[in-house]
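Coordinate inspection notes
Given next are the chains, with one letter for each unit.
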Amino acid sequence: GMEEAVCNVCNIFIREGKAKDGLEYVKTFLEHNSTCRAHTSAGECYLSLRQHEKAHQHFSIALELNMNYTRAMSGLQILENNDYTENEFVPANLQTNWSSI
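Residues numbered from 1 in each chain as written. Predicted model: local features only at pLDDT ≥ 70, side-chain atom pairs only at ≥ 80, totals over all residues. Heavy atoms only, no water.

1. Notes on the pattern of salt bridges
The test is simple: By definition here, a salt bridge exists when the distance from a side-chain nitrogen of Lys or Arg to a carboxyl oxygen of Asp or Glu is within 4 Å. Strands here are runs of E lasting at least two residues and helices are runs of H or I lasting at least four, both read from the DSSP assignment and numbered beginning at the N terminus. Think of it in three bands: with a 1.4 Å probe and only protein chains considered, a residue is buried below 20% of the maximum accessible area for its type, exposed above 50%, and partly exposed in between.
Applying the stated criterion across every chain, the model contains 2 salt bridges. As a salt-bridge pair, Glu44 and Arg71 come within 2.7 Å of each other at their nearest N and O atoms. Of this pair, Glu44 sits in helix H3 (residues 36–48) while Arg71 sits in helix H5 (residues 70–81), and the two are 27 residues apart along the sequence. Residue Arg71 is classed as partly exposed on the basis of its relative accessible area, which comes to 38%.

Right, dumping it as C-alpha cells:
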C-alpha cells in the first residue's frame, strides 16, 4: 500500500545520499498516518543526516506502535553503538560542527 511505497522511496533517497529529500517525503506521510514503518524510515533519514536525537525519537515512537519491529530496534542499536554523550545523541566528533548540519 501507500505506506510501503513511501518507505521504499525513502530508502532510495537514503541510498542516493538524499536523506533530506526522503525526510520531507516521509514527513508529509506522517502528518496523516503515524505508522511504525514510516517512523522507522524517518529515523533512518535522521540517522543518515547524523541527527541522532531526532532519529532516536522516531525509532522510539515506532517501537511504541509495534514493540517487535526489528528494523526500529536495529536503528536504536546503531545509535547505542555510537559514541554519544550522556544526554544528547550527538557523536562526540560531531558536536563541534553541530550547527552547520
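2. A short note on the packing of helix H1 (residues 2–15) against helix H2 (residues 19–30)
Packed helix pairs are specified by the crossing angle of their axes together with the interaxial distance, meaning the distance between the axes. Using the following cut-off: Axis lines are fitted to C-alpha atoms, over the contacting stretch for helices. Their N-to-C directions set the angle, which ranges from 0 to 180 degrees. For classification purposes, angles smaller than 35 degrees are called roughly parallel, those larger than 145 roughly antiparallel, those between 65 and 115 roughly perpendicular, and all remaining angles oblique. Handedness of a helix crossing follows the sense of rotation of the near helix relative to the far helix, less than a right angle counterclockwise being left-handed and clockwise being right-handed. Note on contacts: a residue pair is in contact if any heavy atoms of the two residues lie within 4.5 Å.
Where H1 meets H2, the closest approach of the two axes is 7 Å, and the angle between their N-to-C directions is 165 degrees. Taken together, the axis directions place H1 and H2 in an arrangement best described as roughly antiparallel. The handedness of the crossing between H1 and H2 is left-handed. Two secondary-structure elements touch here, H1 through Met2, Glu3, Val6, Val9, Cys10, Phe13 and Ile14 and H2 through Ala19, Asp21, Gly22, Tyr25, Val26 and Phe29.

3. Here's the deal with the confidence of the model for the protein chain
Counted only if it meets this: Each residue gets a pLDDT score, which is the predictor's confidence in that residue and runs from 0 to 100.
Confidence along the protein chain averages 84 in pLDDT terms, with 81% of residues attaining 70 or more. Segment residues 85–101: pLDDT under 50, and 22 contacts once partners within four positions in sequence are set aside and those in other chains are kept.

4. Details of the environment of Phe59
Mapped onto the fold, Phe59 is located in helix H4 (residues 52–65). Phe59 sits 23 residues away from Cys36 along the chain, and the two C-alpha atoms are 8.4 Å apart. In contact with Phe59, not counting residues within four places along its chain, are Thr40, Gly43, Glu44, Leu47, Ala72, Gly75, Leu76 and Leu79.

5. Observations concerning the environment of Gly17
Secondary-structure assignment places Gly17 in the loop between H1 and H2. Judged by relative accessible area, Gly17 falls into the exposed class, the value being 63%. Residues Gly17 and Cys45 lie 28 residues apart in sequence; the distance between their C-alpha atoms is 9.7 Å.

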